[in-house]
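Structural overview for review
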Amino acid sequence: MKNVLELLEQAAKQAPRHTAFFDEERTVSYRSLLQESQAIGSALLSLSAERKPVVILMDKSTRCISAMFGILYSGAFYVVMDPDMPADRIEKIFRILSPAAILTEQSCKEHLEPLAFTGPVYFYEDIVDTPADHQGLSTVRSRSIDTDAAYALFTSGSTGLPKGTVVCHRSILAYSQWVAGTFHIDSETIFGNQAPLYFSMSVLDIYGALRAGSSVCLIPRKLFAFPVRLLEYIRSCHINTIYWVPSALCLVTGWKALDCVQVPELRKILFAGEVMPVKHLNLWRSYLPDAYFANLYGPTEVTDICSFYEVNRYFNDGESIPIGRACDNCGLLVLTDKGREAAPGEEGELCVRGSFLAMGYYNDPEKTAKAFVQNPLNPYYPELIYKTGDLVRYNERGELLYIGRKDSQIKRMGYRIELGEIEAAADTLRDIKCCACIYDEKNGDLCLFYEGRVEEEALRHALSKRLPRYMLPSRLFHLKCLPHNANGKIDRLALRRAYQKG
Amino acid sequence: MLFHKKEASSKNAEAETELPGISRLISILESMKPGVDFTNEISLIDSHILDSVDIMSLAMDIEEHFHVEVTPLEIVPENFQSANAIYEMILRLNAAR
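Residues numbered from 1 in each chain as written. Chains lettered and ligands numbered in written order. Predicted model: local features only at pLDDT ≥ 70, side-chain atom pairs only at ≥ 80, totals over all residues. Heavy atoms only, no water.

1. Some points on the overall build of chain B
Our working definition: A run of H or I in DSSP counts as a helix once it spans at least four residues, and a run of E counts as a strand once it spans at least two, with each numbered from the N terminus. For each residue, the accessible area found with a 1.4 Å probe, counting protein chains only, is set against the maximum for its type, and the residue is called buried under 20%, exposed over 50%, and partly exposed in between. Calculation of accessible area relied on Shrake-Rupley with a 1.4 Å probe; when residues are assessed, cover is drawn exclusively from the protein chains displayed.
When its secondary structure is counted, chain B shows 3 helices and 0 strands. The helix and strand sequence of chain B, counted from the amino end, reads α-α-α. Counting the 97 residues in chain B, one finds 47% classified as buried. Carbon and sulfur atoms make up 51% of the accessible area of chain B, which totals about 5300 Å².

The structure is reproduced here in structure tokens:
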């Protein structure tokens, strides 16, 4: 196989009437999904955008899924973006990307207006009924190869500029094979998708399903604030497999919602994106003692996941759940600062090699070269590894444990945030002398300390114009003077200590 | 609820015997999300003004200020669409005490 669309075509051939994706609005079979995708792809052929990016500005829905595959049919690669993102940030991404077109829908029109984009804009409603141009589509397919980009996902950038991770067809094919094989995904599997389609976790749901001919329920986002309704929805949709961020799982157990609603069909619970609190894992296991639980770990730059741990024992409060062992067909290295392999039990940076690796960051050779480097253990031929920036070590059982970050990237509610991006946004205000952001993990508070005569209101406003909601600091502290260390850099440790003292 | 509680407010909550009025609720909402017209807004959930984190935080504040237990069955969109809806829920929970 050389193109992920072959997964769709295979599934549509084997079980055309089987449900592929469904949400509150409608249910789409594999055959319908194939037809819609080919229609959209045919409409986009005139762009001649092979191997070029097409941005999707749509809300999560079965329509967005068709849009993604439609773009692939035209030979381009898709870039799903959050329509709610501030226009300023969308523009930043557009400057990096220079999209060949935007694919949107009528309900997202207002997000389009403030943008300075002058290229072609397609509305889903206008193109979904395009007659399929099978000849045109197969010509494009004949030219596609497995290392062509399938999608790019943008993540927070420490200097203020988001980074667009480009993933090719080959990686998704390799990854989806691991997903289906490891978790025994089949046509009976019904996924309950939580991850937005612009986050890498959605790749497991979408392509895991496509590989095995499963169904994916796109759970309405608002239900994640209402745990009882959420569980009722899961029950009524017969969802049996979920892959959620721990924050979403903790919402359910935090509210003891499983006391109110039973979900006997839910049998597989996978989680990733942040550290899973042991207390909540134990609660989930006590409610669903026969279910399968696994902790998955990996950055966007390795498609989604590179290691996993199947929960098979009880954990005490204070213990940390391992990130486990390498995925099949994925190589892991723990390297010290000197570039040699860490000794057993020694701490080091986790590096990944193999087909799951992304191609790099779109239009950013500098950042790409820093993160994707030659394997220092291989002096014989070019072989790239991705440096995750995560510190890990092996425990006595040979399981990998996550220790922490090398830098100032944090995870909050499962979202990846570079504290530097928040600081860069604050720095755009002329009157900000300097600032530093720290994350109070215990309370989930993002705290911004700043020096300079700025009205708090003006600062909040400036930040909301530049950063997505989940990156907005919950607390702002004005200081006459930020502490500096001997190097002249802002002493974040001192800030953190002072903050913790209260 | 199993979520950690925020530090207690400065006022001695134990001294209040009467249920605080809706104005207390509105001031809690306003300090949580400054700039929103909570007196008139009737679509707090549908307009994405309050998200899942806000609701959790609000439920904790409600328990603390109104001395009611917010049960999971009450965490439904209809109860949070407006300050009035939230206060009606508080009255119900207070009557059930």
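2. Thoughts on the overall build of chain A
Definition in use: What the globule rule says is 2.2 Å times the number of residues to the power 0.38, and the radius of gyration is computed from C-alpha atoms. Contact definition: two residues touch when any of their heavy atoms are within 4.5 Å. Under the convention used here, Asp and Glu are negative, Lys and Arg are positive, and both His and the chain ends fall outside the count. Just so you know, the charge point we use is NZ for Lys, CZ for Arg, CG for Asp and CD for Glu.
Secondary structure summary: chain A contains 16 helices and 26 strands in total. Taken over the C-alpha trace, chain A has a radius of gyration of 23 Å; the compact-globule value for 502 residues is 23 Å, and the two agree within 12%. Along the first, second and third principal axes, the C-alpha set of chain A runs to 65 × 60 × 55 Å. For chain A, the proportion of contacts with a sequence separation of at least 24, taken over those separated by at least 6, is 65%. Positive and negative side-chain charges in chain A, numbering 57 and 60 respectively, have mean positions lying 3 Å apart.

3. Description of helix α2 (residues 30-44) of chain A
Residues and elements named next belong to chain A. Defined as follows: What a helix is expected to span follows from its residue count: subtract one and scale by 1.5 Å.
Over its 15 residues, α2 runs 21 Å from end to end, which matches the ideal 21 Å to within 8%, given 1.5 Å per residue. With 12 of 15 residues buried, α2 is to be regarded as a mostly interior element. Here α2 has its buried residues at Y30, L33, L34, E36, S37, Q38, A39, I40, G41, S42, A43 and L44.

4. A word on the interface of chain A and chain B
Heads up, the rule is: Here the buried area means the combined drop in accessible surface, using a 1.4 Å probe, for two parts upon being joined, counting both sides. We count a salt bridge whenever a side-chain nitrogen from Lys or Arg sits within 4 Å of a carboxyl oxygen from Asp or Glu. Two N or O atoms count as a polar contact when they lie within 3.5 Å, although within protein this holds only if one can serve as hydrogen donor and the other as acceptor, and sequence-adjacent residues are included solely when both atoms are side-chain atoms. Here the term charged refers only to Asp, Glu, Lys and Arg, the term nonpolar to Ala, Val, Leu, Ile, Met, Phe, Trp, Tyr, Cys and Pro, and the term polar to all other amino acids, Gly among them.
Counting residues at the interface gives 20 residues for chain A and 20 residues for chain B. Where chain A abuts chain B, roughly 1800 Å² becomes buried across the two surfaces, and 75% of that area is made up of carbon and sulfur atoms. When residues of chain A are sorted by the area they lose upon contact with chain B, F226, R229 and W255 of chain A head the list and together hold 39% of the total. Inspection of the region where chain A meets chain B yields 1 salt bridge. A salt bridge links E78 of chain B to R229 of chain A; the nearest nitrogen and oxygen atoms lie 2.9 Å apart. The interface formed by chain A and chain B holds 2 residue pairs in polar contact (both at pLDDT 80 or more) in total. Elements with a contribution of two residues or more to the side of chain A that touches chain B: α10 (227-236), α11 (246-254) and α12 (278-287) of chain A. The biggest single contributor to the side of chain A that touches chain B is α11 of chain A, with 4 residues. Split by residue class, the side of chain A that touches chain B holds 12 nonpolar, 3 polar and 5 charged.

5. Points about the pairing of strand β26 (residues 475-478) of chain A
Side chains on a regular strand alternate between the two faces of the sheet. Residue and element names in this part refer to chain A. We apply this condition: Two strands qualify as a pair provided DSSP detects at least 2 bridges between them. A clockwise path from the first strand over the helix to the second, with the strands pointing away from the viewer, defines a right-handed crossover.
Looking at chain direction, strand β25 (residues 445-451) and β26 are connected through 4 bridges and run parallel. Counterpart to F449 in the pairing with β26 is F477. In the classification by handedness, the crossover that spans β25, the intervening helix α15 (residues 456-466) and the parallel β26 is right-handed.

6. Remarks on the sheet that holds β25 of chain A
All names here are of chain A. What counts here: An axis is simply a line fitted to the C-alpha atoms; with a helix, the fit covers only the stretch in contact. Between two such axes, the angle follows the N-to-C directions and lies from 0 to 180 degrees.
The strand order across the open sheet built from 3 strands is β24-β25-β26, with neighbouring strands paired in mixed fashion. Pairing within the sheet leaves two strands with one partner each, and these edge strands are β24 (434-440) and β26. Along the sheet, successive strands turn relative to each other by an average axial angle of 20°, direction set aside. Along the sheet face, helix α16 (residues 492-501) touches β24, β25 and β26 and points at about 55° away from the line of β24.

7. Considerations on the packing of aromatic side chains
Any aromatic ring pair is given by two values, namely how distant the centres are and how the planes are angled relative to each other. All names here are of chain A. Note the cut-off: Aromatic rings from Phe, Tyr and Trp, taking only the six-membered ring of Trp, are treated as a pair when their centres fall within 6.5 Å; an angle between ring planes under 30 degrees marks them as stacked, one over 60 as edge-to-face, and anything in between as tilted.
Overall, the coordinates contain 23 aromatic pairs over all chains when judged by the stated rule. Aromatic pair F183 and Y292: ring centres 6.1 Å apart, planes at 70°, arrangement edge-to-face. Of this pair, F183 sits in the loop between α8 (169-182) and β9 (190-193) while Y292 sits in strand β13 (residues 292-297); the two residues are 109 residues apart in sequence, bridging distant segments of the chain. Residue classification places F183 among the buried residues on the basis of a relative accessible area of 1%. Here the aromatic rings of Y361 and F372 are separated by 5.7 Å at their centres, their planes lie at 70°, and the arrangement is edge-to-face. Placement of Y361 in strand β18 (residues 360-361) and of F372 in strand β19 (residues 372-374) is noted, with a sequence separation of 11 residues between them. We classify F372 as buried; its relative accessible area is 6%.

8. Let's talk about the packing of α8 of chain A against helix α9 (residues 201-212) of chain A
Residues and elements named next belong to chain A. For clarity, the threshold we go by: For classification purposes, angles smaller than 35 degrees are called roughly parallel, those larger than 145 roughly antiparallel, those between 65 and 115 roughly perpendicular, and all remaining angles oblique.
Between α8 and α9, whose axes approach to 8 Å, the crossing angle comes to 80°. When the interaxial angle is binned, α8 and α9 end up roughly perpendicular. Facing I172, L173, Y175, S176, Q177, V179 and A180 of α8, the residues of α9 in contact are V203, L204, Y207, G208 and R211. Among the residues forming the contact of α8 with α9, the class breakdown is 8 nonpolar, 3 polar and 1 charged.

9. Comments concerning the confidence of the model for chain B
Parts of the model with low pLDDT should not have their predicted coordinates read in detail. In plain terms, the rule: pLDDT expresses how confident the predictor is about each individual residue, on a scale running from 0 to 100.
Overall, the predicted model of chain B reaches an average pLDDT of 85, with 84% of residues at or above 70. Within chain B, helix α2 (residues 52-66) of chain B has the poorest average pLDDT of any element, 91, and helix α3 (residues 83-95) of chain B the best, 95.

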